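# Reading the structure
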Amino acid sequence: MSTVPASAERAVSERRRWAMLAVSTFAQAAASVAINGAAFLIPVLVHDRGLSLTQAGTLAALPLVGVLCTLLLWGAAVDRYGERAVLLAGLGGTTLAGILALLVDGTVPLGAALFLGGAFAASTSSASGRVVVGWFPPARRGLAMGIRQMAQPAGVGIAAVTIPVISAHQGITAALTVSPVAAAVAAVAVAVIVLDPPRPPRHVEHTANPYRQSSYLQRIHVASILLVVPQFLVWTYALVWLLDDRGWEPGPAGLLVAGTQLLGALGRIASGALSDVVGGRMRPMRWIAVGAAVTMALLGLTAWLGWAVSILLLAAATTITVADNGLAFTATAERAGPYWSGRALGVQNTAQYLTASLCAPLAGASITHWGHPATFALSALFPLAAIALVPTRDERPLA
């Protein structure tokens, strides 16, 4: 269901609408740098500052902890104050937290600054998604949200090609400038380009709690939790599998993993465009769940047999397992409506982040005891369970 009346959709030019999509995507990418960039400091923290790997890893995880602590609060703020105000406040806070990280001395103060950076960066998730949902009509919203969902891998890519090089040649302090610079540029772009999408009047039908009306949103959340397991499994352990089990060199293995990230980003756009064509988000999401279950099972089998085709299946799994993210995000915002979607998207993202944080250590234990092939195959059970939960019958027409 569209959150923007037809007259409001014509209130801005087509160029302005796509410019707001570009800025929203960049804002989310800048937040991704703040959230994920610290992970690329781990080698320097260990070798130059004498931290243990556990200490450095804990420090790198603090931005994610900040995200988990504030996603719901930012979602409620979006519902109350609007998208533009939240984006400016969040990106401004991310910039200030990044500057603080440059000025402090010591591991604990640096960790506090990184936590604050993640806490402020969490603002962009609901707010930027709402800008896209609010300004794009239903028939093009899936494609637009697919483009916006490229922001996370784009942000990781920006951090990957800048922070390790800068930290190795100029030190940690210089590398820490990447995040506040990106956030500051994004804040300026938001101030110049982004407008709050119009909302209907605060009538009861627009402000009623959507979670009390049906189990539609709850089923999307649970299905997304199940589908995120194989996604983060292949994201986290693909490189390790290529190096340890397949005997690849680090250079080619890193290039393959980077290439699969690009394929995953393109897969998000393709699934969003497909949902526009078929007139719904849930049918493509169920198809993706089927594809993820089959692909992960085949990856586990061929990896166990040592077949070369397992490399192609890894690339396919990386593409398929991330393709549902934009669909679930868009469907959540559409059903929750303009006065509840901030909180609903906060719930959606919090559940996925919590699952992702648990997936890495649990999958690591599984790989240690049973190996990569068995773990890949077992992960197929999660999308298999998600197939029945995707609420295809309860989805409303897009228009």
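Definitions and limits used
Residues numbered from 1 in each chain as written. Predicted model: local features only at pLDDT ≥ 70, side-chain atom pairs only at ≥ 80, totals over all residues. Heavy atoms only, no water. Helix = DSSP H or I, 4+ residues; strand = E, 2+ residues; numbered from the N terminus. Rg over C-alpha atoms; globule rule 2.2 N^0.38 Å. Buried < 20%, exposed > 50% of the residue type's maximum accessible area, 1.4 Å probe, protein only. Contact = heavy atoms within 4.5 Å. Areas by Shrake-Rupley, 256 points an atom, 1.4 Å probe, with all protein chains shown as cover. Lys, Arg positive; Asp, Glu negative; His and termini not counted. Charge placed at Lys NZ, Arg CZ, Asp CG, Glu CD. Salt bridge = Lys/Arg side-chain N within 4 Å of Asp/Glu carboxyl O. Patch = residues over 30% accessible without salt bridge, like charges linked within 9 Å, V, L, I, M, F, W, Y side chains within 5 Å. Core = buried A, V, L, I, M, F, W, Y, C linked by side-chain atoms within 4.5 Å. Phe/Tyr/Trp six-rings, centres within 6.5 Å; stacked < 30°, edge-to-face > 60°. Lys NZ or Arg CZ within 6 Å of the ring centre and 35° of its normal.

### Points about the overall build of the protein chain
Secondary structure summary: the protein chain contains 20 helices and 0 strands in total. On C-alpha atoms alone, the protein chain measures out to a radius of gyration of 21 Å, which is about the 21 Å that the 2.2 N^0.38 rule sets for 399 residues. Counting all 399 residues of the protein chain, 52% fall into the buried class. Put simply, of all contacts in the protein chain between residues at least 6 apart along the chain, 83% involve residues at least 24 apart. Summing over all exposed atoms, the protein chain offers an accessible surface of approximately 16,400 Å²; the carbon and sulfur share of this is 70%. In the protein chain, which carries 24 positive and 16 negative side-chain charges, the distance between the mean positions of the two groups comes to 9 Å.

### Considerations on the pattern of salt bridges
Applying the stated rule across the entire model yields 9 salt bridges. Salt-bridge contacts for R141 lead to E334; the nearest nitrogen and oxygen are separated by 2.8 Å. On the criterion of sequence distance, the pair formed by R141 in helix α8 (residues 138–148) and E334 in helix α17 (residues 325–336) is long-range, its members being 193 residues apart. E334 shares its class with R141; the two are buried. With a closest N to O distance of 2.8 Å, R281 and E334 form a salt bridge. Of the two residues, R281 is situated in the loop between α14 (250–278) and α15 (282–305) and E334 in helix α17; the sequence distance between them amounts to 53 residues. The network of salt bridges with shared partners includes D79, E83, R130 and R343.

### Remarks on a nonpolar patch on the surface
Taken together, V290, V294, L298, L301, W304, L305, W307, V309 and L312 make up a surface patch of nonpolar side chains, about 890 Å² in accessible area. Of all the elements in the fold, those that place two or more residues in the nonpolar patch are α15 and α16 (309–321). Ranked by residues supplied to the nonpolar patch, first place goes to α15 with 6 residues. In this structure, V309 sits in helix α16.

### Side note on the nonpolar core
Counting 35 residues, the largest nonpolar core has L87 and V190 as its most contacted members. Among the elements that take part in this core, helix α2 (residues 14–36) stands out by supplying 8 residues, more than any other. Counting residues in hydrophobic clusters, the runner-up holds 24 residues, among them V228, V229, L313 and C359.

### Considerations on the packing of aromatic side chains
The tally for this structure, following the rule as stated, stands at 3 aromatic pairs. Seen in terms of ring centroids, W241 and F376 are 5.7 Å apart; in terms of plane orientation they differ by 85 degrees. Their pairing is edge-to-face. Note that W241 is positioned in helix α13 (residues 216–244) and F376 in helix α19 (residues 372–379), a separation of 135 residues in sequence. Note on W241: relative accessible area 1%, which makes it buried. Given the relative accessible area of 0%, F376 is considered buried. Note that R148 overlies the ring of F329, its terminal NZ or CZ placed 4.8 Å from the centroid.

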